[in-house]
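Examination of the molecular architecture
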Amino acid sequence: MPACAQCSLHQNRMAESVDPSKLMKSWSIWPSTIEGAGPAYDIEEAFRRLPLPYADQEFNIDPIKEELESVTKPPPYVHLKHNVYFVKKKCDGDAIEAKCSDCDPPLTCQIRCSCRSVSISCSQACKCSNKCTNRPFRREKRIGVVKTQHCGWGAIALETIEEGDFVIEFVGEVIDGARCEERLQDMRQRRDKNFYMCKVNNNFIIDATFRGNDCRFFNHSCRPNCQLENWQVSGKTRLGVFSLQGIRVGEPLTYNYSFEQHFGPQTECFCGAENCRGKL
Ligand SMILES: [Zn+2]
Ligand SMILES: [Zn+2]
Ligand SMILES: [Zn+2]
Ligand SMILES: [Zn+2]
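Residues numbered from 1 in each chain as written. Chains lettered and ligands numbered in written order. Predicted model: local features only at pLDDT ≥ 70, side-chain atom pairs only at ≥ 80, totals over all residues. Heavy atoms only, no water.

Description of the sheet that holds strand β4 (residues 153–157)
- Ordered in space as β3-β4-β13-β10, the four strands form an open sheet in which the pairing is mixed. The sheet is open, and its two borders are formed by β3 (143–147) and β10 (219–220), each paired with just one other strand.
- With five bridges joining them, β3 and β4 adopt antiparallel strand pairing. Paired with Val146 across the strands is Gly154, a residue of β4. (Pairing = 2+ DSSP bridges. Helix = DSSP H or I, 4+ residues; strand = E, 2+ residues; numbered from the N terminus.)

Side note on the coordination of the zinc ion (ligand 4)
- Each protein donor to the zinc ion (ligand 4) is listed here as Cys222 (SG), Cys269 (SG), Cys271 (SG) and Cys276 (SG); together their distances run 2.3 to 2.4 Å.
- Geometry at the zinc ion (ligand 4) is tetrahedral, judged from the four donor atoms that bind it and their angles of 104 to 115° at the metal.
- Within one chain, the residues donating to the zinc ion (ligand 4) are spaced in sequence as C-x46-C-x1-C-x4-C. (Donors = N, O, S within 2.8 Å, 3.2 Å for Na, K, Ca; no water. Tetrahedral: all angles 85-135°; square planar, octahedral: opposite > 155°, others 65-115°.)

Notes on empty space enclosed by the protein
- Taken as a whole, this structure holds one cavity of 30 Å³ or more when the rule is applied.
- Computed from the structure, the largest cavity encloses a volume of approximately 50 Å³.
- Taken together, ten residues line the largest cavity, and the ones lying closest to its centre are Phe195, Tyr196, Arg216, Tyr255 and Tyr257.
- Each residue belonging to the lining of the largest cavity can be placed in one class, and the counts come to eight nonpolar, one polar and one charged. (1 Å grid on protein atoms, 1.4 Å probe; cavity = no way out; pocket = protein on both sides within 12 Å on 5 of 7 lines; lining within 4 Å. Points joined across faces, edges and corners; volume = space filled by probe spheres on them. Nonpolar A, V, L, I, M, F, W, Y, C, P; charged D, E, K, R; others polar.)

Things to note about the sheet that holds strand β12 (residues 236–243)
- Read from one edge of the open sheet, three strands run β5-β12-β11, paired in antiparallel fashion. Of all the strands in the sheet, the pair left with one neighbour each is β5 (166–170) and β11 (226–233). Strand-to-strand twist in this sheet, taken as the mean axis angle between neighbours without regard to direction, amounts to 35°.
- When β11 meets β12, the two strands line up antiparallel, connected through eight bridges. Looking at the pairing, Cys226 lines up with Ser243 of β12. (Axes fitted to C-alpha atoms, helices over the stretch in contact; angles between N-to-C directions.)

Laid out in structure tokens, this is it:
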């Protein structure tokens, strides 16, 4: 039964004057505001039956656009080349004065180099040459960002990587414990499960949630091909991703999030490794 007297009147008049089966056009409106209503044989009738406000319900393309974009490109963030500091000290502890003096130039500094052994990048104070390989953080590897099957967005190598190579710096906003706690609370309220924080210590946390680089897209693996290392470069604490093995072009780049510096909400792991712990 039509819901309003006006519609029922109109329909009756239509039925009397025109044989509906002879009409070429009819308008089926869905969702109809009129329960049990048949097709409308008149454009005015069709518009009358349109649910209001129809613009919001039927023609809002934003959710569709958003859904499409979530497949074609990762959610936006501000790209950073270097860390941005919300803390006074750019070092997680006391800066260590280090320079190697027994490395022979022009040889590069090997394992026994006093700088390398404590994860400090060689500097001008060192006796080694400018070609010394113990100066990571100077050139990052070419990396691609791709959509993965189970783990959201991920990073892949776009060039061959040798074992021990510096791959990329974990860059973001350096925040203290109090600010970190605030942000974690906001995250919980937003029910945001994408976690981009890395804790160096309680008052030196690098947060790449809003600003960062491609390192944000490295996924966790229980059998990773890279690892995160804490280095000191010219008195600043910097986190670098280094490869644990040779990596071919196109291979996914991963590190172990449960490395003591990482923390956050527990999520399921889909890394596919034989030793996968199922959670991270
Ligand atoms: Zn050196
Ligand atoms: Zn050295
Ligand atoms: Zn040195
Ligand atoms: Zn796993």
